[in-house]
Amino acid sequence: MSEIILHQYPQSPVAEKVRVGLGIKNLTWRSVEIPRLPPKPDLIPLTGGYRRTPVMQIGADIYCDSQCILRELESRYPSPGYYPAAEHYSGGIAWAITRWTDDRLFAQCIKVVLAGAGDDLPADFAEDRGRLYFGPQWQTELKAARNELQHFAAQLRTQFGWLNDWLAGDNHFILGDTPGIVDACAYHLVWFIRGRWTGGKRLLSEFPHLQSWESRVQLIGHGNSTDLSAAEALAIARDSQPSTPESTDPNDPQGLAPGMTVTIAPDIDGGEVAVQGLVHAVSSDTISVLRESAQCNRVCVHFPRVGYRITVI
Ligand SMILES: N[C@@H](CCC(=O)N[C@@H](CS)C(=O)NCC(=O)O)C(=O)O
């Protein structure tokens, strides 16, 4: 099987989520360090326009968004599984909980970190992340968030408090005695708030159960990684064929089917480029499209359905 390649940078919290996910399965992987700001000339040819971090590549299959990445890792490397006690719920409730951590709570953490940085943010970074996370009116929104920092800190305190209460039980991890995606998703926010907001350590110091769990997640590690150059990753894509079989879903509410041309973009306006491709595989969780380019030949680019808008053109 082709190697797992993660396109990422060390400071990215969402990459940290996936690194923990790789650690849970003790996987061996290659790391391509990408720039923190666009342009990302060696990433964009792989994704067709998606610029966020991280992106996973396996041969000529490109997985965008951590949701899609973790789902693929679970499918390719099912043991140990990401869904503790899976016989009871086969992952559904775990994914549902990650929509809380990764949507609402992530957005609130971003607000606190960006607003809390005040004037320390470099102008180009503030402009890029401001537009990405606050939308077209980002300057007004960021100013408002700065004025309301205590409000957002209070929001975080309540929600990290929920996790602390939950972790007071006998389980070592959130959904059982073994770690899973919910741990990776909750942990990356704790990692982010502790490391990147000056008030983070103090806020978290109130939560002893959360802190013990945090130490247990740290001990999992990140699996085994070695560096790979961006040029080598592009060459791997160019010299490989996508391994995803074509598939259809007769119940797809949008009537998506192989061969249709679509665009895919996050459903919140962060000013991002939509990725265009030919539908190749459709399911209720994932959409996969084929793209051709001179740099990569044919690649299959995968996105989650939840959080993304697919438009037939
Ligand atoms: N929904 C995406 C969110 C990814 C995301 O927002 N990542 C941040 C880094 S932690 C990002 O892309 N920042 C802008 C960049 O790296 O260009 C996912 O789960 O992968």
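As the structure is a prediction and not an experimental result, all values here were calculated from the model. (Residues numbered from 1 in each chain as written. Predicted model: local features only at pLDDT ≥ 70, side-chain atom pairs only at ≥ 80, totals over all residues.)

A separate point is the overall build of the protein. Across its full length, the protein carries twelve helices and ten strands. For the protein, whose C-alpha radius of gyration is 19 Å, the value lies close to the compact-globule estimate of 20 Å for 313 residues. Taken along its principal axes, the extent of the C-alpha atoms in the protein is 50 × 45 × 40 Å. Buried residues in the protein amount to 42% of all 313 residues. Nonlocal contacts in the protein, meaning residues at least 24 apart in sequence, comprise 71% of its contacts between residues at least 6 apart. (Helix = DSSP H or I, 4+ residues; strand = E, 2+ residues; numbered from the N terminus. Rg over C-alpha atoms; globule rule 2.2 N^0.38 Å. Buried ≥ 20, exposed ≤ 12 C-beta atoms within 10 Å, placed from the backbone. Contact = placed C-beta atoms within 7 Å.)

In this section: the site of the ligand. S12, P13, V14, R36, R51, R52, T53, D65, S66, Q67, D102 and L132 make up every residue found near the ligand. Of all elements in the fold, only α1 (13-24) and α3 (66-76) reach the threshold of two or more residues within the shell around the ligand. Residue composition of the shell around the ligand, grouped by class: three nonpolar, four polar and five charged. (Near = placed C-beta within 6 Å. Nonpolar A, V, L, I, M, F, W, Y, C, P; charged D, E, K, R; others polar.)

As a further point, take the domain arrangement of the protein. Assigned domains within the protein: domain 1 (4-80 + 225-312) and domain 2 (89-216). Taken over C-alpha atoms, the centre of domain 1 sits 24 Å from the centre of domain 2. The partner domain 2 presents 19 residues to the 14 residues of domain 1 that form the contact. A total of seven residues in the side of domain 1 that touches domain 2 trace back to one element, the largest contributor, which is α1. Residues that form the side of domain 1 that touches domain 2 fall into these classes: eight nonpolar, three polar and three charged. (Domains from an automatic or database assignment.)

Here strand β8 (residues 286-293) lies mainly inside the structure; six of its eight residues are buried. Summarising the sheet, strand β7 (residues 275-282) and β8 pair through four bridges and their orientation is antiparallel. Looking at β8, one finds that L278 is bridged to L290. Counted between consecutive antiparallel strands, the loop separating β7 from β8 contains three residues. Inspection of the sheet shows β8 paired to strand β9 (residues 297-304) by eight bridges, in the antiparallel sense. (Pairing = 2+ DSSP bridges.)

Bringing the packing of helix α5 (residues 92-116) against helix α7 (residues 138-147) into the picture now. The N-to-C vectors of α5 and α7 enclose an angle of 85°; their axes lie 9 Å apart at closest approach. The orientation of α5 with respect to α7, classified from their angle, is roughly perpendicular. Residues K111, L114 and A115 of α5 pack against L142, A145 and R146 of α7. For the contact of α5 with α7, the residue count by class is four nonpolar, no polar and two charged. (Axes fitted to C-alpha atoms, helices over the stretch in contact; angles between N-to-C directions. Parallel < 35°, antiparallel > 145°, perpendicular 65-115°, else oblique.)

Moving on, we come to unusual backbone geometry. Note the cis peptide between P38 and P39, where omega equals 5°. Locating P39 in the fold gives a position in the loop between β2 (28-33) and α2 (44-47). Between S79 and P80 the backbone carries a cis peptide bond, its omega angle lying at -5°. The backbone of N26 sits at a positive phi, close to 50°, despite the residue not being glycine. Locating N26 in the fold gives a position in the loop between α1 and β2.

Sheet architecture is open: ten strands sit in the order β5-β2-β1-β3-β4-β9-β8-β7-β6-β10, paired in mixed fashion. If you trace the sheet from one side to the other, it starts and ends with β5 (224-227) and β10 (308-312), each paired once. On average, each strand axis in the sheet is tilted by 35° relative to the strand beside it, whichever way the strands run.

Tracing the sequence through the fold places Q139 in helix α7. Along the chain, Q139 and G271 lie 132 residues apart, while their C-alpha atoms are 14 Å from each other.

This next bit is on the nonpolar core. Counting 86 residues, the largest nonpolar core has C109 and V112 as the members making the most contacts within it. If you count residues domain by domain, this core takes at least three from each of domain 1 (4-80 + 225-312) and domain 2 (89-216). In contact with C109, not counting residues within four places along its chain, are L156, L189, F192 and I193. (Core = buried A, V, L, I, M, F, W, Y, C linked by C-beta atoms within 7 Å.)

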